[in-house]
Amino acid sequence: MNEKTKIKSIGVLCSGGDSPGMNCAIRAVVRTGVGLGLNIYGIRRGFQGILEGDIVKMDASSVGNIIQHGGTILKTSRCLDFYDPATRKEAFNILKRKKIDALVVIGGDGSFNGAYRLHEEHGIPIAGIPGTIDNDITGTDYTVGFDTAVQTAVEAVDKIRDTASSHARTFIVEVMGRQSSAIALHVGVCTGAENIILPSKDRQDLNIEQISADINRGIARGKNSSIIIAAEGETPGLCHRVQKELMSEYNLQAHICILGHIQRGGNPSSLDRFLASRMGYIAIDSLVSGLKCFATCFIQGEVNPTPLEGCLEKRVEYRPYYEELAKKLSI
Ligand code: ADP
């Protein structure tokens, strides 16, 4: 038991979309906690697992041989009931009955919002570990899973480029990220994409004329393939519209490849493992030191606890100048 905070038992859960590296974070939380003599409880399937009492005591060996695996051994879920304050009260009472003094929540901004409300309403200490492939949480430069998702997409686009250049084709490759531009921008720069379509450009200001001009300029200087990276955006179908308009207005044929959920899976990259390990350690260390409501944020190369309040918004605008960079380097 820690004399200063009286924290004896900590619960850990994953919530929202899974991301590669969540297992590394769980491992770091469990091993750090066990090393300090704390009881660590794994809560299965996010906030839903609290309500169903799906809670298991973990020890050092519960997290053996998971560091290299994607997904999450604790499973995850979206729990719509948790938006209701009465459900959160019920969850708090269950945690109290189980004598769980604090919670580590691994997830995105939605999960952080749920956890923040639980803390505000009932005082339970919360540590948030940013885990999402979208890299769209305010307050942290990187989230666990983003680097792996980008690498997966980059490898896929490299393969597409092989066939695109063999057949002198244009491909529109849709990457994940909903409103977030982060994956699209990184993948665009890393694959030498000729164009990147961001979610903000979803309908009105999409400049198909410019895209066709870029493709034609490439053809004129001897390029035999073009890659357009499209962020998925909130409403699907954008790449089909681009494909249709390129053909009907500019007589340019483009093929579509939607990468989809392969970007969520796979063995976490070394950066994600490193981040998750540091964040898991700092989550427990900071809870034990008495911090009450924070996220483990990666800012300018360092992981530090930061007030959770500053991490509740979705980061929509993501370094738009990367689009310019991709364009300048793909002339
Ligand atoms: P992510 O954490 O990946 O952003 P979601 O936005 O789907 O994923 O949120 C995951 C879960 O967090 C939700 O299913 C819900 O249980 C909880 N949650 C999200 N937003 C809130 C909120 N405003 N109030 C209470 N709980 C929330």
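Structural notes, computed from the coordinates. (Residues numbered from 1 in each chain as written. Predicted model: local features only at pLDDT ≥ 70, side-chain atom pairs only at ≥ 80, totals over all residues. Heavy atoms only, no water.)

**Digging into the side chain of T306**
Position of T306 among the secondary structure elements: in strand β11 (residues 302–307). On the basis of relative accessibility, which here comes to 19%, the residue T306 falls in the buried class. In this structure, T306 is in contact with C293, F294, A295, C297 and I299, ignoring residues within four places of it in sequence. (Helix = DSSP H or I, 4+ residues; strand = E, 2+ residues; numbered from the N terminus. Buried < 20%, exposed > 50% of the residue type's maximum accessible area, 1.4 Å probe, protein only. Contact = heavy atoms within 4.5 Å.)

**Structural notes on the site of the ligand**
Near the ligand lie 16 residues; those nearest to it are R78, C79, G108, G110 and S111. In the environment of the ligand, an oxygen atom lies 2.7 Å from a nitrogen or oxygen atom belonging to the side chain of R78. G108 is positioned such that a nitrogen or oxygen atom in its backbone is 3.0 Å from an oxygen atom of the ligand. Expressed as a share of its isolated accessible area of 550 Å², the protein-covered part of the ligand is 88%. (Near = heavy atom within 4 Å. Polar contact = N/O pair within 3.5 Å; in protein donor to acceptor, adjacent residues only side chain to side chain. Areas by Shrake-Rupley, 256 points an atom, 1.4 Å probe, with all protein chains shown as cover.)

**Considerations on the pattern of salt bridges**
As enumerated under the stated definition, the model contains 13 salt bridges in all. For K223, the salt bridge is made with E194, and the minimal N-O distance between the two is 2.5 Å. Here K223, found in the loop between α7 (208–220) and β8 (226–231), pairs with E194, found in the loop between α6 (182–191) and β7 (195–197); they are 29 residues apart in sequence, far enough to count as distant. Of the two residues examined, K223 and E194, each falls in the buried class. One salt bridge in this structure joins R278 and E302, with 3.7 Å as the shortest N-O distance. Placement of the pair is R278 in helix α9 (residues 270–288) and E302 in strand β11, with a sequence separation of 24 residues. In the salt-bridge network here, residues are joined through shared partners; they are R44, R45, E52 and D54. (Salt bridge = Lys/Arg side-chain N within 4 Å of Asp/Glu carboxyl O.)

**Details of unusual backbone geometry**
Residue N65 is not a glycine yet carries a positive backbone phi of 60 degrees. Following the sequence through the fold, N65 ends up in the loop between β3 (55–58) and α3 (85–97). Here the phi dihedral of K99 falls at roughly 60 degrees; this positive angle occurs in a residue that is not glycine. On the secondary structure map, K99 appears in the loop between α3 and β4 (102–107).

**Some details on the side chain of R264**
Among the structural elements, R264 can be located in the loop between β9 (254–258) and α9. With near-sequence residues (within four places) excluded, R264 lies in contact with G17, D18, S19, P20, R78, I133 and M176.

**Re the nonpolar core**
I10, V104 and I106 are the most contacted members of the largest nonpolar core, which totals 33 residues. Elements represented by at least two residues in this core include exactly β1 (9–14), α1 (22–35), β4, β5 (126–130), α9 and β10 (293–299). Looking at this core, the element that brings in the most residues is α9, giving eight residues. If we skip the residues at most four places from it in the chain, I106 touches V12, L13, C14, S15, M22, A25, I26 and I129. (Core = buried A, V, L, I, M, F, W, Y, C linked by side-chain atoms within 4.5 Å.)

**A few points about the sheet that holds β10**
Adjacent strands of a sheet pair through backbone hydrogen bonds, lying either parallel or antiparallel. Pairing in this open sheet of seven strands is mixed, and the strands run β3-β2-β1-β4-β5-β10-β11 from one edge to the other. On the outer flanks of this sheet lie β3 and β11, each paired with one strand and no other. Between one strand and the next, the sheet's axes are offset by a mean angle of 25 degrees, whatever the strand orientation. Of the pairings in the sheet, the one linking strand β2 (residues 39–43) to β3 comprises four bridges and is antiparallel in character. Bridged to G42 within β3 is V56. Against the sheet, α1 touches β1, β2, β3, β4 and β5, its axis set at about 160 degrees to β4. (Pairing = 2+ DSSP bridges. Axes fitted to C-alpha atoms, helices over the stretch in contact; angles between N-to-C directions.)

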